[in-house]
Amino acid sequence: MLTINNINVYYGAIHAVKGISLSVEEGEIVTLIGANGAGKSTILNTISGLLRSETGEIVFMGQRISKRPPHKIVGLGLAHVPEGRRVFMQMTVQENLEMGAYVQPGRIDGALESVYGHFPRLKERRKQIAGTLSGGEQQMLAIGRALMSRPRLLMMDEPSMGLAPILVEQIFQIIADLHREGTTILLVEQNARMALSIADRAYVLETGSIILTGTNDELSSSDEIRKAYLGG
């Protein structure tokens, strides 16, 4: 579904992503794990068109998207839940969700009902201003807004960041539910234990390079990964 071949991304003189190649097959959950500054978010931002690679190519559903603007990429079926949620704070919950459907022509009632089915809390608060929601509710809204574009591939950047443990479990349960319903997911997550618990495969990044890749079982049983990321 998604193939990335030899991308290199710079912030001025800083070489943030160094020759990264990876793939995501339809129906998978693939996770990128690594410390802060490893390049995980930069990779997602490059896939979604917010940043540009100096080299290589990115192919989604057989189409090269490396030079397409972000809204065209969303229209192809690739949605991005950004780090930090980035909801429209002065707009209502429902207005935020409607913004997520701007690439979908026609009625959006079905998409709204689907999102409200996953997130009953959002339906209860649909007329509430997004800036007054709790952190967990804002994360649900950010995910729901991305789902409004009916993505084939959903990219999620640190969905558990700043949330209480009980909410982290809830968010990961929602990710698992979306996957069971047929959404392919590329997940960036610092909570490596939780990420590996639901992923099919993972790539481990360090200072802009992939240093290890494997299935969740292979990486979970690696002494090196356990010591570095799993606390054991």
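Owing to the predicted nature of the structure, the values given are computational and were not obtained by experimental measurement.

Conventions adopted
Residues numbered from 1 in each chain as written. Predicted model: local features only at pLDDT ≥ 70, side-chain atom pairs only at ≥ 80, totals over all residues. Heavy atoms only, no water. Helix = DSSP H or I, 4+ residues; strand = E, 2+ residues; numbered from the N terminus. Buried < 20%, exposed > 50% of the residue type's maximum accessible area, 1.4 Å probe, protein only. Contact = heavy atoms within 4.5 Å. Areas by Shrake-Rupley, 256 points an atom, 1.4 Å probe, with all protein chains shown as cover. Lys, Arg positive; Asp, Glu negative; His and termini not counted. Charge placed at Lys NZ, Arg CZ, Asp CG, Glu CD. Pairing = 2+ DSSP bridges. Right-handed = clockwise from strand over helix to strand, strands pointing away. Core = buried A, V, L, I, M, F, W, Y, C linked by side-chain atoms within 4.5 Å.

Engineer: Before we move on, could you go through the overall build of the chain and cite the residues and values that matter?
Structural biologist: The helix and strand inventory of the chain stands at ten helices and ten strands. Seen through its C-alpha atoms, the chain measures out along the principal axes to roughly 45 × 40 × 35 Å. Per-residue burial over the chain gives 50% buried out of 232 residues. Counting only contacts in the chain whose residues sit at least 6 apart along the sequence, the fraction spanning at least 24 positions is 66%. Here the chain displays about 10,700 Å² of accessible surface, and carbon together with sulfur accounts for 49% of that area. When the 23 basic and 24 acidic side-chain charges of the chain are each reduced to a single mean position, those positions are 6 Å apart.

Engineer: Quick one: what's the story with the pairing of strand 8 (residues 184-188), residue by residue and with numbers?
Structural biologist: Counting buried positions over the five residues of strand 8 gives five, a clear majority of the element. Side chains Thr 184, Leu 186 and Val 188 project from strand 8 onto one buried face, and the interleaved Ile 185 and Leu 187 project onto a second face that is buried too. Where strand 3 (residues 29-33) meets strand 8, four bridges bridge the pair, whose relative direction is parallel. Within strand 8, the residue paired with Thr 31 across the bridge is Leu 187. Bridge count for strand 7 (residues 153-157) against strand 8 is five bridges, and the pairing is parallel. Counterpart to Leu 153 in the pairing with strand 8 is Thr 184. Crossover handedness for the path strand 7 to helix 7 (residues 165-180) to strand 8: right-handed.

Engineer: An account of the pairing of strand 3 is requested, with residue identities and associated values reported.
Structural biologist: The buried fraction of strand 3 is high, at five of five residues. Inspection of the sheet shows strand 3 paired to strand 9 (residues 201-206) by four bridges, in the parallel sense. Looking at strand 9, one finds that Ile 33 is bridged to Val 204.

Engineer: Before we move on, can you summarise the nonpolar core with the specific residues and values?
Structural biologist: Proteins that are soluble and globular tend to have nonpolar side chains buried together. Counting 44 residues, the largest nonpolar core has Leu 154 and Ile 175 as the members making the most contacts within it. Look past the residues within four positions of Ile 175 in its chain and what remains in contact with it is Ile 29, Met 156, Pro 159, Ile 185, Leu 187 and Ile 198. Core analysis: the next-biggest nonpolar cluster, separate from the first, contains 26 residues, Leu 2, Met 155, Leu 186 and Val 188 among them.

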